[in-house]
Amino acid sequence: WNVCQTFKLSSSAKLIASLIYLTNTYIILLIDGGQLSIGLSYAFFPLSFLAVLKSVMSGFRAKVLAGMSLAILGFFDFRLIFVLFLLLFLRFLYEFFYLERKKWGNWIREWTFAGVVCALVLLGLNAYWLLPLKFAPITASTHAFFTQTAFINFPNLGHAITLLSPHWYKNIFGSVTPLRWEFLLIPILVFTAPLLRKKNPVVGFWLLIALFSIFL
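Note that the coordinates shown come from a computational prediction; the quantities given were computed from them, not determined experimentally.

Participant: Would you take a moment to explain the nonpolar core for this structure?
Facilitator: Looking at soluble globular proteins, one finds that nonpolar side chains tend to be buried together. Phe49, Leu70, Leu73, Leu84, Leu87, Leu88 and Trp111 are the most contacted members of the largest nonpolar core, which has 29 residues in total. Those elements that place two or more of their residues in this core are helix H4 (36-55), helix H5 (60-76), helix H6 (79-96), helix H7 (104-125) and helix H13 (201-215).

Participant: What is the right way to read unusual backbone geometry from this model?
Facilitator: With the exception of glycine, most residues fall at negative phi, and the peptide bonds are largely trans. In this chain, tryptophan 168 is followed by tyrosine 169 through a cis amide linkage whose omega measures 5 degrees. Checked against the element boundaries, tyrosine 169 lands in the loop between helix H10 (157-162) and helix H11 (185-191). Phi is positive for lysine 8, close to 60 degrees, though the residue is something other than glycine. Relative accessible area serves as the criterion here: at 75%, lysine 8 is assigned to the exposed category. One non-glycine residue, leucine 163, adopts positive backbone phi at about 55 degrees. Checked against the element boundaries, leucine 163 lands in the loop between H10 and H11. Owing to a relative accessible area of 37%, leucine 163 belongs among the partly exposed residues under this scheme.

Thresholds, definitions, all that
Residues numbered from 1 in each chain as written. Predicted model: local features only at pLDDT ≥ 70, side-chain atom pairs only at ≥ 80, totals over all residues. Heavy atoms only, no water. Core = buried A, V, L, I, M, F, W, Y, C linked by side-chain atoms within 4.5 Å. Buried < 20%, exposed > 50% of the residue type's maximum accessible area, 1.4 Å probe, protein only. Helix = DSSP H or I, 4+ residues; strand = E, 2+ residues; numbered from the N terminus.

Geometry only, nothing functional implied.
Shown next as structure tokens:
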């Protein structure tokens, strides 16, 4: 809700965005499957995004707090740090192209400073397990086990476009749900937004995120 408020969305838009974020098939099946750690990271993700976003043009204290929010997000699921980095990077590029040329230098400095502070706080709070890896690195066989994820890659582009979890609704691992026509309503509403709100920078940004996320 606070993220929607930051982008100055209407009350109805806030309600719809919150409902979709909290009741889509992905998060429902996460909770149903008992994957609470990933579910908590999913719930905390918008707060971390908002904290970093607000810290860019704020003081040092805000940047430290943003770094701590990243550490909390990483505690729940460290992979979400990578996803958040991609989202913030796209936000940086999107706003950068809207700025006047004379403001580019200050914009880059503020984002760089915020990024460095957040990274130092994040790495510092995770040093207790990152440092041991330097002295006792994982074996090649263990690394291969954790990086070979093709065998659990069940979703396809259709599932991503329609926000349909591949295991909906029985939540049986490996049992992939075929695409369902009723889930097409969501992408239709999403991709007609530029026709209803032309030249709207907020719509443009989130449309970019939607397109990027489909292939993520």
